[in-house]
Structures are given as structure tokens and as C-alpha cells.
Amino acid sequence: YFVMRDGWAETDNYLLVDGGELGALKGGHGHADALAIDLAVGGDSLLVDSGTYTYHESDELRNFFRTSIAHNTLMIDDKSQSEPGGKFDWKARANIDVNSWISQDRFDFFEASHDGYERLDSPANHKRSIIFLKNDYWIMRDFVKTHGEHEYALNYHFNTETKPAIESAENGTWYVNATRKSNDGVRLFTFGDNGNWQRKESWISNSYGKKINAPFLRFISKGIGAQEFFTFMIPSETAFNAPEVFETEIPNGRAFVIKYRDYNDLFVVTDGEQIVRTEFFNTNFEFLWARLSVDEDLPEEFVLIGGTHFSLGGRDVINYPKKLDFAIARRLGNRLNVRTSESVFSVSLPQKTSTTYILKNSEQS
């Protein structure tokens, strides 16, 4: 299990992701929950594991609670990652390969894949990457490598006290707004080709032998060949304007603008090979997050994961012969202070203003 949290107070944020094997021996007490997440925002538990409920009441209920449908993970063709056999064993078991775990003061990063869907007629491999910007929010990418046509469903099981609603933002983006006791809560923005949100009811079991109805939402889509989904899990706080997320076009990559508190944040994904060029920066880091205050011309903070090149304002900042695990950079005036997985240094930036077309969506451009 990998834990992302920004503190130990009762009001802190927390995410747990399952990166372990199905279970010991035959996996009798294991569940098909590879890469599943639990989430708490502001100390309130929102996304939860459904529990076990029963071993012997019925085969149907036993299998429901231990298969993938009852967990916050990706399903393909409505099948479980691991296929049940008897009540305490499995016909097929998903195996997880953890690619990366980085934990720093400013962020956590997790990436792993599993082979549970390689048993399909058209084999598929699921990789989940999660970035936690501490004291801010989470960004999750689900990538499926396949050649065939499949149906996809991202599962989200909510605590019984949570009230999730499917809503539409002014820019036309659909999202889930989930609140608990106060008006604070979380908004889930998911981006995927031909996808849409679907609301269902399900069960969770907080103790053995008891089950209760709880909200169950899914982001569903269908596609041929490799697919990717981006989910932004962002706290919604009454003290600030509600967060918004929209995608904006860049060559050779994907880019998203996150309006959060008083910032315009930017998240860029590359293939890790080609240089992605924007009016702010050029990079081949696989993931780049940047924070821009509304009255600034250049971003003031960067988090970069997995790459060799990064330049800002026309000045080379990182040009390394081998891939770096990560880099963190903060700008103070025209000076950029940088810490990577290999070294610490600073560079001077040219005095230069920048345009902001990358922060505009298609309706604004």
C-alpha cells in the first residue's frame, strides 16, 4: 500500500493506493483491487473500499464485494481484474508491477501497472499514475495499452454520508461534485474519449455481515486501441471560487488548465521522447505541473517527473544525459531555484514577458 498525505491533523488530505499482490497463498482473503484508491479530503472520508460483507451468505454477494466492481479502479469490458474460483480462491490473478514511488515535501508520485486484463481476447495492460501536490490536489492518469476495442469504466464508490452530483461547468465540462457535512468537498473532473458519467447505487460494508446502500458513480467510455483517462480530484472550498479544469491544445502532448484558489495551474503530459514546446517552456519530462499566479507572466513553481530536458523563458534549466526521476523548481523574480533527484542549483532567467494562450480553452481562443 502507498499512502499520500499532507499531514496528520484531523483536517488533512489523504489518499491510499493498492500496489500489492492479490493475497498470500491462494489469495483466499484477497480482493481484485489492483491500483484501487481510497480518498479523504479535509479529514472527511469520501472514496472508500466497499468492504467484505460476507463469506457464505451467497456466492453472488461474496463475489460482488471481492471483485473489481466493488473497488475504485478501472474495469475493462465489465470484467474483474482477477477472476474468482471458489469462495476462497481464484481462477485468474492480476499481478502488479510498481514502476515508481517518489515521496517529497512538495509532492508524491506513484505509478504501477497490472496484467489482469491480458487474459482478454484482445489483451490490455492497465497503468495508473498518481501525482499528489501536497496541500492542493491529486491528478490521476489511467493508460491502457491495447490494440483491440474495449469498454471502460472508472469506478468511484462514495461514503454513505457523501452526496455526489453530476454537474456541468460553464465551459461545458461535466464533473462530479461531492460534499459531506459542510459545503466543502471534492470535485472530480475526468477526461477520456467519448466518455460520460453514470450514476448507480451500490453497497458498502463497514463491518462483517452488514451492508448499506451507497452512491456509486462511473466514468464510462468505449474505444479502439490505446486509451488514456485523466482524473483531477480537487478540494472544493467555500472560501474560494469553485475549481475548474479544461483541456487546451499543445503540439505533441496533452495539456490541462486547473483554476484553483487564486491560481491558474498547468498540467502537461508528453511521451517522454519528443520536446513539447509552449510559450512558457520546452520539456520532454513525462509529467509537468506548473503554478501561475494571475498577475504573473511566468509560472512561479514547477514539479517535473521523468525526463532530461527543461527550459524556461528561453533559458536551458535542465539538459541531462540520462532521465531524471524528478525535478522541483521555484522562481523568485528572475532566478529559478532547482532541486532534482541528482543535484541542487539555480539559474538566472532573461527579463522577458510571456503571452498566455496556453491557458485558454477552445471557447476563449
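What you see as residue numbers is a count from 1 along each chain, following the sequence as written. Thresholds applied to this predicted model are a pLDDT of at least 70 for local features of residues and 80 or more for the giving and counting of side-chain atom pairs; totals over whole chains, interfaces and linings are not thresholded and use all residues. With hydrogens and water excluded, all non-hydrogen atoms of the structure serve as input to the side-chain values.

S.K.: Give me the lowdown on the side chain of T278, citing residues and values where you can.
M.R.: A run of H or I in DSSP counts as a helix once it spans at least four residues, and a run of E counts as a strand once it spans at least two, with each numbered from the N terminus. With respect to the helices and strands, the residue T278 is situated in the loop between β22 (276–277) and β23 (281–283). Polar contact is defined as a pair of N or O atoms within 3.5 Å, subject to the rule that within protein one atom must be able to donate a hydrogen and the other to accept it, and that residues adjacent in sequence are counted only when both atoms are side-chain atoms. A distance of 3.1 Å separates a polar side-chain atom of T278 from the backbone nitrogen of F280.

S.K.: Please give an account of the sheet that holds strand β4 (residues 44–47) that cites residues and values.
M.R.: We treat two strands as partners when DSSP finds at least two bridges between them. Here 4 strands make up an open sheet; going across it, the order is β1-β2-β3-β4 and the pairing antiparallel. Every other strand in the sheet has two partners, leaving β1 (2–5) and β4 as the edge strands with one partner each. In this sheet, adjacent strand axes meet at a mean angle of 20 degrees when their direction is disregarded. Note: strand β3 (residues 37–41) against β4, 3 bridges, orientation antiparallel. Opposite V41, over in β4, you have D44 as the bridge partner. Throughout, an axis means a line fitted to C-alpha atoms (over the contacting stretch in the case of helices), and angles, computed between N-to-C directions, take values from 0 to 180 degrees.

S.K.: Which residues make up the packing of aromatic side chains, and what values do they have?
M.R.: Working definition: a ring pair exists when centres of Phe, Tyr or Trp rings (six-membered ring for Trp) sit within 6.5 Å. Plane angles under 30 degrees give stacked, over 60 give edge-to-face, the rest tilted. Scanning all chains against the criterion turns up 26 aromatic pairs. Ring centres of Y55 and F88 lie 5.3 Å apart, and the angle between their planes is 50 degrees; this geometry places the pair in the tilted category. With Y55 in the loop between β4 and α1 (59–66) and F88 in the loop between β6 (83–84) and β7 (90–92), this pair connects stretches of sequence that are 33 residues apart. Taking relative accessible area as the criterion, Y55 reaches 22% and is therefore assigned partly exposed. An angle of 45 degrees between the planes, with centres 5.6 Å apart, marks the rings of Y156 and W197 as tilted. Placement of Y156 in strand β12 (residues 149–157) and of W197 in strand β16 (residues 196–207) is noted, with a sequence separation of 41 residues between them. In this scheme, a residue with accessible area under 20% of its type's maximum is buried, one over 50% is exposed, and one in between is partly exposed, where area comes from a 1.4 Å probe on protein chains only. A relative accessible area of 1% places Y156 in the buried class. The ring of W90 is capped by R66, whose NZ or CZ atom sits 4.7 Å from the centre of that ring. Throughout this description, the term charge over a ring refers to an Arg CZ or Lys NZ atom that lies within 6 Å of the ring centre and within 35 degrees of the ring normal.

S.K.: Now, about the side chain of T162: what can you tell me, with residues and values included?
M.R.: Tracing the backbone shows T162 in the loop between β12 and β13 (163–168). Accessibility expressed as a relative area gives 3% for T162, which makes it buried. Every residue in contact with T162, bar those within four places of it in the chain, is listed here: S45, L46, A178, T179, R180 and P215. What makes two residues a contact is simply this: any of their non-hydrogen atoms within 4.5 Å.

S.K.: Just give me the short version of the pattern of salt bridges, but keep the residues and values in it.
M.R.: Salt bridges are defined as contacts in which a side-chain nitrogen from Lys or Arg sits within 4 Å of a carboxyl oxygen from Asp or Glu. Within the structure shown, the criterion is met by 19 salt bridges. The partner of E301 in a salt bridge is R106, and the shortest N-O contact between them spans 2.5 Å. In this pair, E301 sits in strand β25 (residues 301–312) while R106 sits in the loop between β8 (96–103) and β9 (107–114), placing the two residues 195 residues apart along the sequence. Here E301 matches R106 in class, with each residue buried. Across the pair R261 and D136 runs a salt bridge, and its minimum N-O distance is 3.8 Å. On the criterion of sequence distance, the pair formed by R261 in the loop between β20 (254–260) and β21 (263–269) and D136 in the loop between β10 (124–133) and β11 (137–146) is long-range, its members being 125 residues apart.

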